[in-house]
Every structure is written in C-alpha cells, then in structure tokens.
Amino acid sequence: VLAVSSLTSATLMSNGHLSLFPSIVAAIVLATLIGTVNGLVVVRLGVGSLVTTLGTFTVLTGLITGLAGGRTITEGLPKETMRRLAEPRPLGLPLPVLYLLVVAVGVWFVTERTTVGRQWQAIGSSEPAARMAGIRTERLRILAFAAGGFLAGVAGCVQLIRAQLGSPNIGPGLLFPAFAAAFL
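Remember, predicted model here, so these are calculated numbers, not experimental data.

1. Description of the nonpolar core
Membership of the largest hydrophobic core comes to 24 residues, with the highest contact counts inside it found for Met13, Leu20, Ile24, Leu77, Met82, Leu160 and Ile161. Elements with a minimum of two residues in this core: helix 1 (2-14), helix 2 (20-45), helix 3 (49-68), helix 4 (79-86) and helix 8 (137-163). Here the element with the most residues in this core is helix 1; it accounts for 6 residues. The residues contacting methionine 13, other than those within four sequence positions of it, are Leu18, Ser19, Leu20, Ser23, Gly76, Leu77, Pro78, Met82 and Leu160.

Written as structure tokens, this is what we have:
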C-alpha cells in the first residue's frame, strides 16, 4: 500500500493532472480504501488477516509494477516543493522525522484517549468479551484496517517527498520486517 500511494501520487503529478497536495490526498484516500477492502475481506469473508495482507501485497505489487512498466517516476514532479517539505531540519531533526512524531502522537492519542481506541484495545484483548460488552467488533475491525491503510498511504507520500521519486519497488523490502516486528 505504501508503494501504491507513492506511485499514485507521483503518477498524478507527472501526468500533469494534479499538483502535489491534491495528489497526496488522492493517494491517501486510495490507500485507505485498500485498507478498508482488506478489512472487509478479513471480517466479512473470514479470511485470515495475514493471508489477506500477503495476498493484497502480491496483487498490488504485480499491478503497480505492470502499470508503471517497472519504471521509476522522476519526471514532472515538483521537486523544489518536495525539497522544501523534506530538507529543513528544525530542532536538528529531518522534517520526515517530525512527520513521524506527529503521526505517532496522533496514533497514541487515538488508541489511548478515545472511545474507538479503547474499543480496539478491548477487541485485541478478547473479541468475544468485547462483543458481549456491546462493542460493534466487525465495524471496528474494518475501521482498524482502514486506519492501517491510511497510515501506509501517509508513509508512502512521505517516502515520495523524501526520495523525490515514485517507484514500484519501495514497498517489498518493508513488509517482512513489519511482520517480524508484529510477531516478535
């Protein structure tokens, strides 16, 4: 999903259809929709989340590689604007690190200080108990997948801005370390 959002935004800009910010919004919306579809497959069809994620990864990797012709998009991107969004070092930190901190604080706030976050925690602890407590587990599980897609879309757009290119090859090396971190 990270590579899809990066490549979608780059394609929309390089073809001259959209400027940087609208293309980023479009890419993040697409990533969120992909996450939502994953959630629907897991919740409604009962397919395991690991299998669904790997299947989506395989399909999307083939799709974006084919659509991009295996090429990296560098032409037609607003590199000066991207450079201004990536290179400043306030507080001595690269700007993408500050983006990460903002996202991390947002995720912390949602998971620790909102009703949805508490309900996600209850579902993670015991889905049957959460269901008996009146929590709409199916809807919230789909929402969790949508949120994951949203965050992957944001990561893809930050990667696009940082690298100043859209490539179908940026995602594959990131999936398995993420799985390892989740399972360990």
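2. Brief notes about the confidence of the model for the protein
Looking at the protein, the pLDDT average stands at 89 and 99% of residues meet or exceed 70. Taken element by element, the protein is modelled with least confidence in helix 9 (residues 172-183), mean pLDDT 73, and with most confidence in helix 2, mean pLDDT 96.

3. What about the packing of helix 5 (residues 95-113) against helix 6 (residues 115-125)?
Describing two packed helices takes the angle between their axes plus the distance from one axis to the other. At a minimum axis distance of 5 Å, the contact between helix 5 and helix 6 shows a crossing angle of 75 degrees. For the element pair helix 5 / helix 6, the angle class is roughly perpendicular. For the pair helix 5 and helix 6, contact is made by Val110, Thr111, Glu112 and Arg113 and by Thr115, Gly117, Arg118, Trp120 and Gln121, respectively. Residue composition of the contact of helix 5 with helix 6, grouped by class: 2 nonpolar, 4 polar and 3 charged.

4. With respect to unusual backbone geometry
A positive phi angle is found at leucine 91, which is not glycine, with a value near 60 degrees. By secondary structure assignment, the location of leucine 91 is in the loop between helix 4 and helix 5. According to the relative accessible area criterion, leucine 91 is exposed, its value standing at 79%. Residue glutamine 164 is not a glycine yet carries a positive backbone phi of 60 degrees. Structurally, glutamine 164 is set in the loop between helix 8 and helix 9. Exposure remark for glutamine 164: the relative accessible area of 12% places this residue in the buried category.

5. A word on the environment of threonine 72
Inspection of the secondary structure puts threonine 72 in the loop between helix 3 and helix 4. Along the backbone, threonine 72 and isoleucine 170 are 98 residues apart, and their C-alpha atoms lie at a distance of 10.0 Å. Apart from residues lying up to four places away in sequence, threonine 72 is in contact with Leu165, Gly166 and Ser167.

6. A word on the pattern of salt bridges
For side chains bearing opposite charge, pairing can occur when the charged atoms are close. Applying the stated criterion to the full structure yields 5 salt bridges. Among the ionic pairs, arginine 131 bridges to glutamate 127, the shortest N-O distance being 3.1 Å. Taken together, the residues arginine 131 and glutamate 127, both in helix 7 (residues 127-132) and 4 residues apart, mark about one turn of the helix. Of the residues examined, arginine 131 reaches a relative accessible area of 46% and is grouped as partly exposed. Each of the salt bridges in this network shares a partner with another, and the network as a whole consists of Glu80, Arg83 and Glu87.

7. Points about the environment of alanine 26
Inspection of the secondary structure assignment puts alanine 26 in helix 2. Overall, alanine 26 belongs to the partly exposed group, its relative accessible area being 30%. Residues alanine 26 and leucine 95 lie 69 residues apart in sequence; the distance between their C-alpha atoms is 22 Å.

8. Structural notes on helix 3
In this model helix 3 runs 28 Å from its N-terminal to its C-terminal C-alpha over 20 residues, within 8% of the 28 Å that 1.5 Å per residue would give. Of the surrounding secondary structure, the elements contacted by the buried residues of helix 3 are helix 1 and helix 2. Downstream of helix 3 by one or two residues, glycine 69 has phi in the positive range, about 65 degrees.

About the criteria used
- Sequence order sets the numbering: in each chain, residues are counted from 1 along the sequence as written.
- Only residues with pLDDT of at least 70 are given local features in this predicted model, and only at 80 or more are side-chain atom pairs given and counted; all residues enter the totals for whole chains, interfaces and linings.
- To get the side-chain values, all heavy atoms of the structure are used, and hydrogens and water are removed first.
- To form a nonpolar core, buried Ala, Val, Leu, Ile, Met, Phe, Trp, Tyr and Cys residues must be joined to one another through side-chain atoms within 4.5 Å.
- Exposure is judged per residue with a 1.4 Å probe applied to protein chains only, and the accessible area is read against the type maximum: over 50% gives exposed, under 20% gives buried, and values in between give partly exposed.
- What counts as a helix is a DSSP run of H or I of at least four residues, what counts as a strand is a run of E of at least two, and both are numbered from the N terminus.
- Any two residues having at least one pair of non-hydrogen atoms within 4.5 Å are treated as being in contact.
- A score between 0 and 100, pLDDT records how confident the predictor is in each residue.
- Think of each axis as a best-fit line through the C-alpha atoms, taken over the contacting stretch in the case of a helix, with angles from 0 to 180 degrees between the N-to-C directions.
- Should an angle fall under 35 degrees it is taken as roughly parallel, and over 145 as roughly antiparallel, whereas 65 to 115 is taken as roughly perpendicular and any remaining angle as oblique.
- For this classification, Asp, Glu, Lys and Arg are treated as charged, while Ala, Val, Leu, Ile, Met, Phe, Trp, Tyr, Cys and Pro are nonpolar and the rest, including Gly, are polar.
- Every case where a carboxyl oxygen of Asp or Glu lies within 4 Å of a side-chain nitrogen of Lys or Arg is listed as a salt bridge.
- One fewer than the residue count of a helix, multiplied by 1.5 Å, yields its expected span.

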